Amino acid sequence: MKKFTALFLLVVMSTVLLSGCSSTKLSNSFDKDTVEKSAKQVIEALNNGDYDSVTSMFRDDLKEKLTAESLKDAATKTYDNAGKFNKYKSVSILGQKIKSTKEDCAVAIVVANYEKQKVEFTLSFDTDMKLIGLYMK
């Protein structure tokens, strides 16, 4: 039940923050390379089991909603049996605009190859490069 709750929190967080978003070209408020680097930094921290580091990257309003323990549960459920990280297969960076707040955000979709499976990460960042969404499948 705890694992389900953690995964549910990640999905809800991404859905709530990005609901009403429209895909756009990446805003001038973002640097594509910085978004990619930040996304890979999050994934590397997840791969190393450094969940506290990942939660510290969240925007303050989200830090209260997602603990390192619940993030660990979600990551474990999603790709605990994937094996060792091999390489990044693909990285796509796109812009989003949250309709309700008119806030620009950047979304990185990263496909990572592990020994036994691929994992797709969707990471969203605000203009301060704070993590506002994280989804793993």
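Right above here is the structure, for reference.
In this text, all values refer to a predicted model and were calculated from it rather than measured experimentally. (Residues numbered from 1 in each chain as written. Predicted model: local features only at pLDDT ≥ 70, side-chain atom pairs only at ≥ 80, totals over all residues. Heavy atoms only, no water.)

**Q** Tell me about the packing of aromatic side chains, and name the residues and values.
**A** Applying the stated criterion across every chain yields a total of four aromatic pairs. Measuring from centroid to centroid gives 5.5 Å for F85 and Y114, while their planes differ by 75 degrees, and the two rings are edge-to-face. Of the two residues, F85 is situated in strand 2 (residues 85-98) and Y114 in strand 3 (residues 103-114); the sequence distance between them amounts to 29 residues. Residue F85 is classed as partly exposed on the basis of its relative accessible area of 26%. Residue classification places Y114 among the buried residues on the basis of a relative accessible area of 5%. Here the aromatic residues Y79, F85, Y88, Y114 and F121 are joined through ring pairs into a cluster of three or more. (Phe/Tyr/Trp six-rings, centres within 6.5 Å; stacked < 30°, edge-to-face > 60°. Helix = DSSP H or I, 4+ residues; strand = E, 2+ residues; numbered from the N terminus. Buried < 20%, exposed > 50% of the residue type's maximum accessible area, 1.4 Å probe, protein only.)

**Q** I'd like a rundown of the pairing of strand 2, residues and numbers included.
**A** Note: strand 2 against strand 3, 12 bridges, orientation antiparallel. Across the sheet, residue V91 finds its bridge partner in strand 3, namely V110. Between strand 2 and strand 3, which pair antiparallel and follow one another directly, the connecting turn spans four residues, one of which, K102, has a positive phi of 60 degrees. (Pairing = 2+ DSSP bridges.)

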